[in-house]
Amino acid sequence: MERKYVAEPYKIKVVEPIAVTTQEQREKFIRDAGYNTFLLNSEEVYIDLLTDSGTTAMSDNQWAGMMQGDESYAGSKNFHNLQKAVKDLYGFKHTVPTHQGRGAENLLSQIMIQEGDVIPGNMYFTTTRAHQELNGATFRDVIIDEAHDSTYDHPFKGNVDLEKFQALIDEVGADYIPYICLAVTVNLAGGQPVSMENMKAVSNVSKKHNIKVMFDATRCVENAYFIKEREEGYADKTIAEILHEMMSYADGCTMSGKKDTLVNIGGFLALNDDELYQKATELVVVYEGMPSYGGMAGRDMEAMARGMYEAVDYNYIHHRVSQCQYLGDRLEEAGVPIVKPVGGHAVFLDAKKFYDHIPQDEFPAQTLAAQIYLESGVRSMERGIVSAGRDDDGNHYYPELELVRLTIPRRVYTYAHMDVVADSIIDLYNERAGVEGLKMVYESPVLRFFTARFEPLE
Ligand code: PM9
(Lines give C-alpha, C1' and ligand atoms only; values in the text may rest on other atoms or scores of the structure.)
Protein backbone atom coordinates (compact mmCIF):
# COMPACT_ATOMS: atom_id res chain seq x y z
CA MET A 1 0.00 0.00 0.00
CA GLU A 2 1.33 3.47 -0.95
CA ARG A 3 1.35 5.65 2.20
CA LYS A 4 0.79 9.40 1.99
CA TYR A 5 3.83 10.06 4.20
CA VAL A 6 6.49 7.41 3.84
CA ALA A 7 8.03 5.98 7.05
CA GLU A 8 11.72 6.29 7.91
CA PRO A 9 13.83 4.05 5.62
CA TYR A 10 16.33 3.38 8.44
CA LYS A 11 16.44 2.11 11.99
CA ILE A 12 18.11 3.90 14.87
CA LYS A 13 21.40 2.49 16.19
CA VAL A 14 22.72 5.38 18.31
CA VAL A 15 20.67 7.96 20.19
CA GLU A 16 21.54 11.42 21.47
CA PRO A 17 19.43 12.75 24.36
CA ILE A 18 17.95 16.22 23.87
CA ALA A 19 17.19 18.91 26.45
CA VAL A 20 13.76 19.57 27.85
CA THR A 21 13.58 23.08 29.32
CA THR A 22 10.99 25.17 31.16
CA GLN A 23 9.40 28.35 29.85
CA GLU A 24 11.19 30.31 32.59
CA GLN A 25 14.59 28.94 31.50
CA ARG A 26 13.86 29.68 27.87
CA GLU A 27 12.97 33.29 28.69
CA LYS A 28 16.45 33.74 30.14
CA PHE A 29 18.21 31.82 27.35
CA ILE A 30 16.64 33.82 24.52
CA ARG A 31 17.24 37.13 26.33
CA ASP A 32 20.91 36.18 26.81
CA ALA A 33 21.06 35.26 23.11
CA GLY A 34 19.87 38.75 22.10
CA TYR A 35 16.66 37.24 20.68
CA ASN A 36 18.76 35.66 17.93
CA THR A 37 18.32 31.88 17.65
CA PHE A 38 21.84 31.61 16.15
CA LEU A 39 23.20 32.67 19.53
CA LEU A 40 21.43 30.01 21.60
CA ASN A 41 23.49 27.09 22.87
CA SER A 42 22.38 23.77 21.45
CA GLU A 43 21.87 22.43 24.97
CA GLU A 44 19.12 25.01 25.42
CA VAL A 45 17.22 23.66 22.41
CA TYR A 46 14.64 20.85 22.32
CA ILE A 47 14.09 20.29 18.58
CA ASP A 48 16.74 21.98 16.47
CA LEU A 49 15.39 23.17 13.13
CA LEU A 50 17.89 26.02 12.79
CA THR A 51 19.42 24.44 9.73
CA ASP A 52 19.88 21.31 7.68
CA SER A 53 23.53 22.32 7.25
CA GLY A 54 25.98 19.87 8.79
CA THR A 55 23.27 18.46 11.04
CA THR A 56 22.81 15.18 9.14
CA ALA A 57 22.96 11.80 10.88
CA MET A 58 25.56 9.78 9.01
CA SER A 59 25.01 6.11 8.18
CA ASP A 60 26.93 3.11 9.56
CA ASN A 61 28.55 2.86 6.12
CA GLN A 62 29.81 6.45 6.36
CA TRP A 63 31.12 5.92 9.89
CA ALA A 64 32.92 2.80 8.68
CA GLY A 65 34.44 4.98 5.94
CA MET A 66 35.67 7.44 8.59
CA MET A 67 37.86 4.64 9.97
CA GLN A 68 39.44 4.31 6.54
CA GLY A 69 40.58 7.92 6.49
CA ASP A 70 43.96 8.25 4.81
CA GLU A 71 45.43 11.30 6.51
CA SER A 72 48.47 11.64 4.25
CA TYR A 73 49.26 15.27 3.55
CA ALA A 74 49.03 14.79 -0.20
CA GLY A 75 47.32 12.42 -2.63
CA SER A 76 45.07 10.72 -0.05
CA LYS A 77 43.13 7.74 -1.41
CA ASN A 78 39.94 9.30 0.00
CA PHE A 79 40.45 12.29 -2.31
CA HIS A 80 40.46 9.89 -5.27
CA ASN A 81 37.25 8.31 -3.98
CA LEU A 82 35.66 11.75 -3.68
CA GLN A 83 36.83 12.76 -7.15
CA LYS A 84 35.38 9.51 -8.53
CA ALA A 85 32.01 10.12 -6.81
CA VAL A 86 31.84 13.65 -8.26
CA LYS A 87 32.70 12.32 -11.72
CA ASP A 88 30.28 9.37 -11.54
CA LEU A 89 27.32 11.25 -10.11
CA TYR A 90 27.78 14.85 -11.30
CA GLY A 91 29.99 14.32 -14.34
CA PHE A 92 32.53 17.09 -13.61
CA LYS A 93 36.16 16.54 -14.55
CA HIS A 94 37.89 18.33 -11.64
CA THR A 95 37.16 18.48 -7.91
CA VAL A 96 38.70 20.94 -5.45
CA PRO A 97 37.74 20.03 -1.86
CA THR A 98 37.00 22.96 0.47
CA HIS A 99 36.18 23.25 4.16
CA GLN A 100 32.52 23.98 3.31
CA GLY A 101 30.37 25.62 0.65
CA ARG A 102 31.54 29.19 1.18
CA GLY A 103 35.16 28.07 0.73
CA ALA A 104 34.17 26.97 -2.78
CA GLU A 105 32.24 30.24 -3.29
CA ASN A 106 35.34 32.18 -2.30
CA LEU A 107 37.48 30.32 -4.86
CA LEU A 108 34.91 30.59 -7.64
CA SER A 109 34.32 34.31 -7.03
CA GLN A 110 38.04 35.06 -6.96
CA ILE A 111 38.93 33.15 -10.11
CA MET A 112 36.01 34.37 -12.21
CA ILE A 113 34.96 37.86 -11.09
CA GLN A 114 36.55 41.17 -12.15
CA GLU A 115 35.69 44.48 -10.44
CA GLY A 116 32.44 45.83 -11.96
CA ASP A 117 31.07 42.47 -13.12
CA VAL A 118 27.44 41.48 -12.68
CA ILE A 119 26.41 38.02 -11.50
CA PRO A 120 22.84 36.96 -12.26
CA GLY A 121 21.25 34.38 -10.03
CA ASN A 122 17.91 32.80 -9.18
CA MET A 123 17.49 34.73 -5.91
CA TYR A 124 20.40 35.66 -3.71
CA PHE A 125 21.91 33.46 -1.06
CA THR A 126 23.66 35.16 1.86
CA THR A 127 27.18 33.69 1.64
CA THR A 128 27.12 33.40 -2.17
CA ARG A 129 26.24 37.07 -2.65
CA ALA A 130 28.71 38.15 0.05
CA HIS A 131 31.61 36.53 -1.86
CA GLN A 132 30.46 38.00 -5.15
CA GLU A 133 30.28 41.48 -3.61
CA LEU A 134 33.60 41.10 -1.79
CA ASN A 135 35.16 40.49 -5.21
CA GLY A 136 33.64 43.62 -6.74
CA ALA A 137 30.56 42.20 -8.47
CA THR A 138 26.92 43.17 -8.20
CA PHE A 139 24.30 40.45 -7.82
CA ARG A 140 21.18 40.66 -9.98
CA ASP A 141 18.12 38.53 -9.32
CA VAL A 142 16.66 36.89 -12.45
CA ILE A 143 14.30 34.42 -10.78
CA ILE A 144 10.66 34.28 -11.96
CA ASP A 145 8.39 36.77 -10.17
CA GLU A 146 6.26 33.97 -8.72
CA ALA A 147 9.18 33.02 -6.43
CA HIS A 148 8.70 36.22 -4.46
CA ASP A 149 5.04 35.44 -3.73
CA SER A 150 4.71 33.00 -0.84
CA THR A 151 1.15 32.01 -1.80
CA TYR A 152 1.80 31.19 -5.46
CA ASP A 153 1.82 27.43 -6.01
CA HIS A 154 4.22 26.68 -8.88
CA PRO A 155 6.02 23.35 -9.44
CA PHE A 156 9.34 25.02 -10.36
CA LYS A 157 9.38 28.26 -8.47
CA GLY A 158 13.20 28.34 -8.67
CA ASN A 159 13.21 28.85 -12.44
CA VAL A 160 15.10 31.66 -14.11
CA ASP A 161 12.99 34.19 -15.98
CA LEU A 162 14.70 33.98 -19.37
CA GLU A 163 13.44 37.41 -20.39
CA LYS A 164 14.98 38.98 -17.28
CA PHE A 165 18.24 37.15 -18.01
CA GLN A 166 18.29 38.33 -21.62
CA ALA A 167 17.38 41.89 -20.60
CA LEU A 168 20.31 41.92 -18.18
CA ILE A 169 22.68 40.72 -20.91
CA ASP A 170 21.39 43.48 -23.19
CA GLU A 171 21.72 46.07 -20.42
CA VAL A 172 25.24 45.39 -19.12
CA GLY A 173 26.79 43.35 -21.95
CA ALA A 174 27.81 39.70 -21.82
CA ASP A 175 31.48 40.67 -21.30
CA TYR A 176 30.56 41.83 -17.80
CA ILE A 177 28.77 38.58 -16.91
CA PRO A 178 31.39 35.87 -16.35
CA TYR A 179 28.80 33.36 -15.17
CA ILE A 180 25.25 32.89 -14.02
CA CYS A 181 24.85 31.26 -10.61
CA LEU A 182 21.96 28.82 -10.69
CA ALA A 183 20.92 27.45 -7.32
CA VAL A 184 19.28 24.03 -7.42
CA THR A 185 17.14 24.23 -5.25
CA VAL A 186 16.60 27.86 -4.19
CA ASN A 187 17.00 28.05 -0.44
CA LEU A 188 15.56 31.48 0.28
CA ALA A 189 12.55 31.01 -2.01
CA GLY A 190 11.55 28.08 0.21
CA GLY A 191 13.67 25.21 -1.15
CA GLN A 192 12.08 25.54 -4.59
CA PRO A 193 13.39 23.52 -7.55
CA VAL A 194 14.43 24.47 -11.07
CA SER A 195 13.01 22.41 -13.93
CA MET A 196 15.24 20.51 -16.33
CA GLU A 197 13.70 22.45 -19.17
CA ASN A 198 14.72 25.73 -17.54
CA MET A 199 18.28 24.54 -16.85
CA LYS A 200 18.60 23.57 -20.49
CA ALA A 201 17.25 26.94 -21.65
CA VAL A 202 19.59 28.87 -19.31
CA SER A 203 22.49 26.82 -20.65
CA ASN A 204 21.51 27.62 -24.28
CA VAL A 205 21.23 31.36 -23.67
CA SER A 206 24.51 31.37 -21.74
CA LYS A 207 26.40 29.43 -24.42
CA LYS A 208 25.21 31.87 -27.06
CA HIS A 209 26.78 34.75 -25.11
CA ASN A 210 29.84 32.90 -23.84
CA ILE A 211 28.62 33.10 -20.23
CA LYS A 212 29.42 30.15 -18.00
CA VAL A 213 26.76 28.37 -15.94
CA MET A 214 27.78 27.61 -12.37
CA PHE A 215 25.37 25.67 -10.20
CA ASP A 216 25.04 26.10 -6.49
CA ALA A 217 24.51 22.36 -6.12
CA THR A 218 24.00 22.43 -2.36
CA ARG A 219 20.56 20.75 -2.50
CA CYS A 220 20.79 19.23 -5.98
CA VAL A 221 19.43 15.82 -4.96
CA GLU A 222 16.25 17.42 -3.63
CA ASN A 223 15.97 19.25 -6.95
CA ALA A 224 16.39 15.97 -8.85
CA TYR A 225 13.61 14.41 -6.76
CA PHE A 226 11.18 17.21 -7.62
CA ILE A 227 11.99 16.81 -11.31
CA LYS A 228 11.15 13.09 -11.05
CA GLU A 229 7.87 13.89 -9.29
CA ARG A 230 6.77 16.91 -11.30
CA GLU A 231 8.36 17.16 -14.75
CA GLU A 232 7.01 15.27 -17.69
CA GLY A 233 9.28 12.53 -19.00
CA TYR A 234 11.24 11.94 -15.77
CA ALA A 235 8.97 9.69 -13.68
CA ASP A 236 10.76 6.51 -14.79
CA LYS A 237 14.30 7.85 -14.51
CA THR A 238 16.46 7.24 -11.43
CA ILE A 239 17.55 10.12 -9.20
CA ALA A 240 21.14 9.48 -10.33
CA GLU A 241 20.18 9.74 -14.01
CA ILE A 242 18.30 12.98 -13.41
CA LEU A 243 21.17 14.44 -11.38
CA HIS A 244 23.65 13.61 -14.11
CA GLU A 245 21.52 15.27 -16.75
CA MET A 246 21.06 18.38 -14.56
CA MET A 247 24.80 18.78 -14.17
CA SER A 248 25.35 18.40 -17.91
CA TYR A 249 23.89 21.91 -18.28
CA ALA A 250 26.56 23.42 -16.00
CA ASP A 251 30.26 24.22 -16.42
CA GLY A 252 30.89 23.58 -12.76
CA CYS A 253 29.37 23.89 -9.32
CA THR A 254 29.98 24.95 -5.78
CA MET A 255 28.83 22.48 -3.17
CA SER A 256 28.11 22.76 0.50
CA GLY A 257 28.55 19.09 1.34
CA LYS A 258 26.86 19.75 4.67
CA LYS A 259 23.52 19.28 2.93
CA ASP A 260 23.04 16.85 0.03
CA THR A 261 26.24 14.85 0.47
CA LEU A 262 25.04 13.84 3.94
CA VAL A 263 28.03 14.91 6.02
CA ASN A 264 28.70 17.27 8.92
CA ILE A 265 31.46 19.31 7.28
CA GLY A 266 33.01 19.82 3.86
CA GLY A 267 32.36 21.07 0.38
CA PHE A 268 33.92 21.34 -3.04
CA LEU A 269 34.27 23.32 -6.21
CA ALA A 270 33.82 21.14 -9.31
CA LEU A 271 34.85 22.33 -12.76
CA ASN A 272 35.23 21.07 -16.32
CA ASP A 273 37.54 23.79 -17.62
CA ASP A 274 41.27 22.96 -17.24
CA GLU A 275 42.40 26.57 -17.02
CA LEU A 276 39.89 27.49 -14.36
CA TYR A 277 40.86 24.38 -12.42
CA GLN A 278 44.49 25.45 -12.63
CA LYS A 279 43.59 28.86 -11.16
CA ALA A 280 41.50 27.24 -8.43
CA THR A 281 44.42 25.00 -7.41
CA GLU A 282 46.67 28.07 -7.19
CA LEU A 283 44.21 29.73 -4.81
CA VAL A 284 43.14 26.73 -2.76
CA VAL A 285 46.64 26.35 -1.35
CA VAL A 286 46.37 29.91 0.01
CA TYR A 287 42.92 29.63 1.58
CA GLU A 288 42.23 25.96 2.28
CA GLY A 289 45.09 23.46 1.81
CA MET A 290 46.66 21.16 -0.79
CA PRO A 291 44.46 20.64 -3.87
CA SER A 292 44.05 17.00 -2.83
CA TYR A 293 42.40 17.81 0.50
CA GLY A 294 41.47 21.50 0.43
CA GLY A 295 39.83 22.06 3.77
CA MET A 296 38.98 18.45 4.57
CA ALA A 297 40.45 15.52 6.49
CA GLY A 298 40.81 12.25 4.58
CA ARG A 299 38.08 10.65 6.70
CA ASP A 300 35.69 13.49 5.93
CA MET A 301 36.29 13.11 2.19
CA GLU A 302 35.53 9.38 2.51
CA ALA A 303 32.27 10.03 4.39
CA MET A 304 31.32 12.57 1.74
CA ALA A 305 32.05 10.21 -1.17
CA ARG A 306 29.88 7.53 0.46
CA GLY A 307 27.17 10.02 1.37
CA MET A 308 26.91 11.14 -2.24
CA TYR A 309 25.92 7.64 -3.35
CA GLU A 310 23.49 7.23 -0.43
CA ALA A 311 21.78 10.52 -1.24
CA VAL A 312 20.67 9.33 -4.68
CA ASP A 313 18.85 6.32 -3.20
CA TYR A 314 15.16 6.91 -3.95
CA ASN A 315 13.99 5.63 -0.54
CA TYR A 316 16.20 8.14 1.24
CA ILE A 317 15.12 11.21 -0.71
CA HIS A 318 11.47 10.15 -0.91
CA HIS A 319 11.28 10.02 2.89
CA ARG A 320 13.19 13.28 3.31
CA VAL A 321 10.82 15.29 1.18
CA SER A 322 7.79 13.48 2.59
CA GLN A 323 8.74 14.51 6.13
CA CYS A 324 8.91 18.18 5.09
CA GLN A 325 5.57 17.85 3.33
CA TYR A 326 3.99 16.32 6.46
CA LEU A 327 4.98 19.29 8.61
CA GLY A 328 3.83 21.72 5.91
CA ASP A 329 0.47 19.99 5.54
CA ARG A 330 -0.19 20.01 9.29
CA LEU A 331 0.45 23.75 9.46
CA GLU A 332 -1.49 24.56 6.33
CA GLU A 333 -4.51 22.55 7.49
CA ALA A 334 -4.58 24.76 10.62
CA GLY A 335 -4.48 27.95 8.53
CA VAL A 336 -0.89 28.91 9.38
CA PRO A 337 0.58 30.96 6.49
CA ILE A 338 3.45 29.02 4.87
CA VAL A 339 5.36 29.30 1.60
CA LYS A 340 3.79 27.12 -1.05
CA PRO A 341 4.58 24.62 -2.35
CA VAL A 342 6.59 23.05 0.49
CA GLY A 343 10.21 22.71 -0.60
CA GLY A 344 12.81 20.00 -0.16
CA HIS A 345 14.56 20.89 3.06
CA ALA A 346 12.26 23.03 5.16
CA VAL A 347 8.89 24.56 5.79
CA PHE A 348 8.94 28.35 5.65
CA LEU A 349 6.45 30.41 7.68
CA ASP A 350 5.32 33.69 6.15
CA ALA A 351 6.02 36.06 9.05
CA LYS A 352 4.53 39.09 7.27
CA LYS A 353 1.19 37.28 7.27
CA PHE A 354 1.67 35.54 10.62
CA TYR A 355 2.29 38.85 12.41
CA ASP A 356 0.63 41.22 9.96
CA HIS A 357 0.58 43.97 12.62
CA ILE A 358 4.41 44.11 12.91
CA PRO A 359 6.17 46.37 10.31
CA GLN A 360 9.11 44.80 8.47
CA ASP A 361 11.69 47.03 10.18
CA GLU A 362 10.50 45.74 13.53
CA PHE A 363 11.60 42.30 12.35
CA PRO A 364 8.49 40.08 12.26
CA ALA A 365 10.44 36.95 11.29
CA GLN A 366 13.11 37.48 13.94
CA THR A 367 10.28 38.00 16.45
CA LEU A 368 8.48 34.85 15.34
CA ALA A 369 11.63 32.72 15.58
CA ALA A 370 12.15 33.99 19.15
CA GLN A 371 8.49 33.32 20.04
CA ILE A 372 8.64 29.76 18.67
CA TYR A 373 11.65 29.09 20.86
CA LEU A 374 9.95 30.59 23.91
CA GLU A 375 6.80 28.55 23.33
CA SER A 376 8.35 25.15 22.75
CA GLY A 377 12.15 25.09 22.73
CA VAL A 378 12.08 24.58 18.95
CA ARG A 379 14.85 26.50 17.19
CA SER A 380 14.19 27.99 13.77
CA MET A 381 15.90 30.65 11.65
CA GLU A 382 15.00 34.13 10.40
CA ARG A 383 15.13 34.47 6.61
CA GLY A 384 13.91 37.98 6.01
CA ILE A 385 15.09 41.55 6.43
CA VAL A 386 17.89 40.66 8.86
CA SER A 387 19.32 37.99 6.51
CA ALA A 388 19.01 40.34 3.53
CA GLY A 389 21.40 42.90 5.09
CA ARG A 390 22.00 46.43 3.84
CA ASP A 391 22.75 47.99 0.44
CA ASP A 392 25.79 50.16 -0.41
CA ASP A 393 24.01 53.24 0.98
CA GLY A 394 23.49 51.55 4.30
CA ASN A 395 19.74 51.06 3.95
CA HIS A 396 18.09 47.75 4.79
CA TYR A 397 17.19 45.60 1.80
CA TYR A 398 13.44 45.03 2.19
CA PRO A 399 12.91 41.52 0.74
CA GLU A 400 9.43 40.59 -0.41
CA LEU A 401 9.73 37.37 1.58
CA GLU A 402 9.91 37.77 5.36
CA LEU A 403 10.18 34.18 6.49
CA VAL A 404 10.97 31.86 9.35
CA ARG A 405 12.56 28.61 8.26
CA LEU A 406 11.83 25.33 10.01
CA THR A 407 14.70 23.37 8.54
CA ILE A 408 14.67 19.61 8.82
CA PRO A 409 18.01 17.89 9.40
CA ARG A 410 18.52 14.73 7.34
CA ARG A 411 17.74 11.39 9.04
CA VAL A 412 17.59 12.98 12.52
CA TYR A 413 13.99 13.57 13.64
CA THR A 414 10.79 11.53 13.41
CA TYR A 415 7.22 12.38 12.49
CA ALA A 416 6.46 12.63 16.24
CA HIS A 417 8.93 15.51 16.47
CA MET A 418 7.19 17.17 13.53
CA ASP A 419 3.91 16.94 15.47
CA VAL A 420 5.43 18.78 18.44
CA VAL A 421 6.63 21.53 16.11
CA ALA A 422 3.29 21.81 14.33
CA ASP A 423 1.25 21.86 17.57
CA SER A 424 3.32 24.61 19.15
CA ILE A 425 3.27 26.82 16.05
CA ILE A 426 -0.48 26.37 15.67
CA ASP A 427 -0.89 27.49 19.32
CA LEU A 428 1.27 30.55 18.67
CA TYR A 429 -0.72 31.40 15.57
CA ASN A 430 -3.94 31.29 17.52
CA GLU A 431 -2.44 33.71 20.09
CA ARG A 432 -0.68 36.04 17.67
CA ALA A 433 -2.57 39.27 18.46
CA GLY A 434 -0.64 41.78 20.54
CA VAL A 435 2.82 40.25 20.05
CA GLU A 436 5.33 43.08 19.62
CA GLY A 437 8.38 43.30 17.36
CA LEU A 438 12.06 43.84 18.21
CA LYS A 439 14.72 46.51 17.82
CA MET A 440 18.23 45.67 16.60
CA VAL A 441 20.93 46.77 19.04
CA TYR A 442 24.01 45.25 17.35
CA GLU A 443 24.83 44.18 13.81
CA SER A 444 28.05 43.18 12.04
CA PRO A 445 28.83 44.78 8.65
CA VAL A 446 28.67 41.50 6.66
CA LEU A 447 26.28 38.54 7.16
CA ARG A 448 24.73 40.29 10.14
CA PHE A 449 22.07 37.66 10.81
CA PHE A 450 24.60 35.29 12.38
CA THR A 451 25.47 37.58 15.30
CA ALA A 452 22.96 40.45 15.40
CA ARG A 453 21.40 41.20 18.79
CA PHE A 454 17.91 42.46 19.54
CA GLU A 455 15.79 43.71 22.41
CA PRO A 456 12.03 43.87 22.83
CA LEU A 457 10.46 47.19 21.83
CA GLU A 458 9.62 49.31 24.83
N1 PM9 B 1 23.33 27.28 3.98
C2 PM9 B 1 21.69 27.19 5.66
O3 PM9 B 1 21.42 27.09 6.86
C4 PM9 B 1 24.10 27.47 6.32
C5 PM9 B 1 24.69 28.80 6.43
S6 PM9 B 1 23.67 30.20 6.23
C7 PM9 B 1 22.78 30.24 7.62
O8 PM9 B 1 20.83 27.15 4.76
C9 PM9 B 1 23.38 27.54 -0.23
C10 PM9 B 1 22.17 27.42 -1.07
C11 PM9 B 1 23.32 27.32 1.13
C12 PM9 B 1 24.50 27.46 1.93
C13 PM9 B 1 24.46 27.35 3.32
C14 PM9 B 1 25.71 27.79 1.27
C15 PM9 B 1 26.99 27.95 2.04
C16 PM9 B 1 25.72 28.00 -0.08
N17 PM9 B 1 24.55 27.86 -0.79
O18 PM9 B 1 27.41 26.85 4.94
O19 PM9 B 1 29.44 27.44 3.73
O20 PM9 B 1 22.15 27.00 1.67
O21 PM9 B 1 28.71 25.10 3.75
O22 PM9 B 1 27.45 26.72 2.46
C23 PM9 B 1 23.08 27.30 5.25
P24 PM9 B 1 28.29 26.53 3.81
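Just above sits the structure.
What you see is a predicted model, and the numbers here were worked out from it, not measured in a lab.

### A closer look at the packing of helix H8 (residues 220–230) against helix H12 (residues 314–333)
For the pair H8 and H12, the least separation of the axes is 10 Å and the interaxial angle reads 90°. With respect to their mutual orientation, H8 and H12 come out roughly perpendicular. Here Val221, Glu222, Tyr225, Phe226, Lys228 and Glu229 of H8 come into contact with H12, specifically with Tyr314, Ile317, His318, Arg320 and Val321. Here the residues of the contact of H8 with H12 sort into 6 nonpolar, 1 polar and 4 charged.

### Quick look at the site of the ligand
Near the ligand lie 21 residues; those nearest to it are Thr51, Arg102, Asp216, Ser256 and Arg405. One of the side-chain nitrogen or oxygen atoms of Asp216 is found 2.7 Å away from a nitrogen atom of the ligand. Here a nitrogen atom of the ligand sits 3.0 Å away from a polar atom, N or O, in the side chain of Lys259. The fraction of the free accessible surface of the ligand (520 Å²) that becomes covered by protein chains is 96%. For the shell around the ligand, the secondary-structure elements that each account for two or more residues are helix H4 (101–112) and strand E11 (381–383). Per-class residue counts for the shell around the ligand are 5 nonpolar, 8 polar and 8 charged.

### Points about the environment of Gln132
Here Gln132 is to be found in helix H5 (residues 126–134). It is 18 Å that separates the C-alpha atoms of Gln132 and Asp393, two residues lying 261 residues apart in sequence. Once you skip the residues sitting within four places of it in the chain, Gln132 turns out to touch Ser109, Ile113, Ile119, Ala137, Phe139, Tyr179 and Cys181.

### Some words on the packing of aromatic side chains
The geometry of an aromatic ring pair is captured by two quantities: the separation of the ring centres and the angle between the planes. Within this structure, the stated rule accounts for 12 aromatic pairs. Three or more aromatic residues joined by ring pairs form one cluster here, namely Tyr5, Tyr326 and Tyr415. For the cation-ring pair, Arg383 lies above Phe449, with the distance from its terminal atom to the ring centre recorded as 4.7 Å.

### Some remarks on the environment of Tyr234
Mapped onto the secondary structure, Tyr234 falls in the loop between H8 and helix H9 (239–247). When the C-alpha atoms of Tyr234 and Ala224 are compared, they prove to be 9.5 Å apart, with 10 residues separating the residues in sequence. Those residues in contact with Tyr234 that sit more than four places away from it in its chain are Met196, Ile227, Lys228, Ile242 and Glu245. A polar side-chain atom of Tyr234 sits 3.0 Å from a polar atom in the side chain of Glu245.

### With respect to H9
Turning to H9, its buried residues are Ile239, Ile242, Leu243, Met246 and Met247. With its buried residues spanning 130° around the axis, H9 presents them on a single face. Buried residues belonging to H9 abut helix H3 (77–89), helix H7 (196–208), strand E6 (212–216), H8 and H12.

### Description of the pairing of strand E2 (residues 94–98)
Counting buried positions along E2 gives 5 out of 5 residues, so the element sits mostly inside the fold. Here E2 shows a buried face lined by His94, Val96 and Thr98 and a second buried face lined by Thr95 and Pro97. The sheet contact formed by E2 and strand E8 (residues 267–271) spans 5 bridges and is antiparallel. Looking across to E8, one finds that Pro97 is bridged to Phe268.

### Some remarks on the nonpolar core
Within the largest apolar cluster, 62 residues are counted, with the highest numbers of intra-cluster contacts made by Tyr90, Met199, Phe215, Cys220, Met246, Phe268 and Met308. Once residues lying within four places of it in the same chain are set aside, the contact partners of Met308 are Leu82, Ala85, Val86, Leu89, Tyr90, Thr261 and Phe268. Core analysis: the next-biggest nonpolar cluster, separate from the first, contains 34 residues, Tyr5, Cys324, Tyr355 and Met418 among them.

### Describing unusual backbone geometry
The phi torsion of most residues other than glycine is negative, and most of the peptide bonds are trans. That bond from Val184 to Thr185 is cis: its omega, 0°, falls within 30 degrees of zero. Residue position: Thr185 is located in the loop between strand E5 (179–183) and H7. A positive phi is found at Tyr35, a non-glycine position, where the angle reads about 55°. Inspection of the secondary structure assignment puts Tyr35 in the loop between helix H1 (23–32) and strand E1 (47–48). A positive phi angle is found at Met123, which is not glycine, with a value near 75°. Within the secondary structure, Met123 is located in the loop between strand E3 (118–121) and H5. For Met123, a relative accessible area of 9% puts it in the buried group.

### Focus on the packing of H1 against helix H14 (residues 364–376)
The contact between H1 and H14 brings their axes to 8 Å, and the two run at 150°. The pairing of H1 with H14 is recorded here as roughly antiparallel in orientation. Mapping the contact onto sequence places Gln23, Arg26, Glu27, Phe29 and Ile30 in H1 and Ala370, Tyr373, Leu374, Glu375 and Ser376 in H14. In terms of residue class, the contact of H1 with H14 is built from 5 nonpolar, 2 polar and 3 charged.

### Quick notes on a nonpolar patch on the surface
A cluster of nonpolar side chains, contributed by Val285, Val286 and Tyr287, occupies part of the molecular surface with about 290 Å² of accessible area. Overall, the relative accessible area of 44% leaves Tyr287 in the partly exposed class.

### Brief notes about the pattern of salt bridges
Under the criterion given, the structure shown has 24 salt bridges. In this structure, Asp350 engages Lys353 in a salt bridge whose closest nitrogen and oxygen atoms are separated by 3.2 Å. Where salt bridges share partners, they join Asp52, Arg219, Glu222, Asp260, Arg320 and Arg410 into one cluster.

### Here's the deal with the sheet that holds strand E9 (residues 346–350)
With respect to topology, 3 strands assemble into an open sheet ordered E9-E12-E11, the strand pairing being antiparallel. The outermost strands of the open sheet, each flanked by one partner alone, are E9 and E11. Across this sheet, the average inter-strand angle for adjacent strands is 35°, counted without regard to direction. Alignment of E11 against strand E12 (residues 403–407), held across 3 bridges, turns out to be antiparallel. When the bridges of E12 are listed, Met381 appears paired with Arg405. Most of the contacts of H12 go to E9, to which it runs at about 25°, and overall it touches E9 and E12.

Rules behind the numbers
- Residues numbered from 1 in each chain as written.
- Predicted model: local features only at pLDDT ≥ 70, side-chain atom pairs only at ≥ 80, totals over all residues.
- Heavy atoms only, no water.
- Axes fitted to C-alpha atoms, helices over the stretch in contact; angles between N-to-C directions.
- Helix = DSSP H or I, 4+ residues; strand = E, 2+ residues; numbered from the N terminus.
- Parallel < 35°, antiparallel > 145°, perpendicular 65-115°, else oblique.
- Contact = heavy atoms within 4.5 Å.
- Nonpolar A, V, L, I, M, F, W, Y, C, P; charged D, E, K, R; others polar.
- Near = heavy atom within 4 Å.
- Polar contact = N/O pair within 3.5 Å; in protein donor to acceptor, adjacent residues only side chain to side chain.
- Areas by Shrake-Rupley, 256 points an atom, 1.4 Å probe, with all protein chains shown as cover.
- Phe/Tyr/Trp six-rings, centres within 6.5 Å; stacked < 30°, edge-to-face > 60°.
- Lys NZ or Arg CZ within 6 Å of the ring centre and 35° of its normal.
- Buried < 20%, exposed > 50% of the residue type's maximum accessible area, 1.4 Å probe, protein only.
- Arc of directions from axis to C-beta.
- Pairing = 2+ DSSP bridges.
- Core = buried A, V, L, I, M, F, W, Y, C linked by side-chain atoms within 4.5 Å.
- Patch = residues over 30% accessible without salt bridge, like charges linked within 9 Å, V, L, I, M, F, W, Y side chains within 5 Å.
- Salt bridge = Lys/Arg side-chain N within 4 Å of Asp/Glu carboxyl O.

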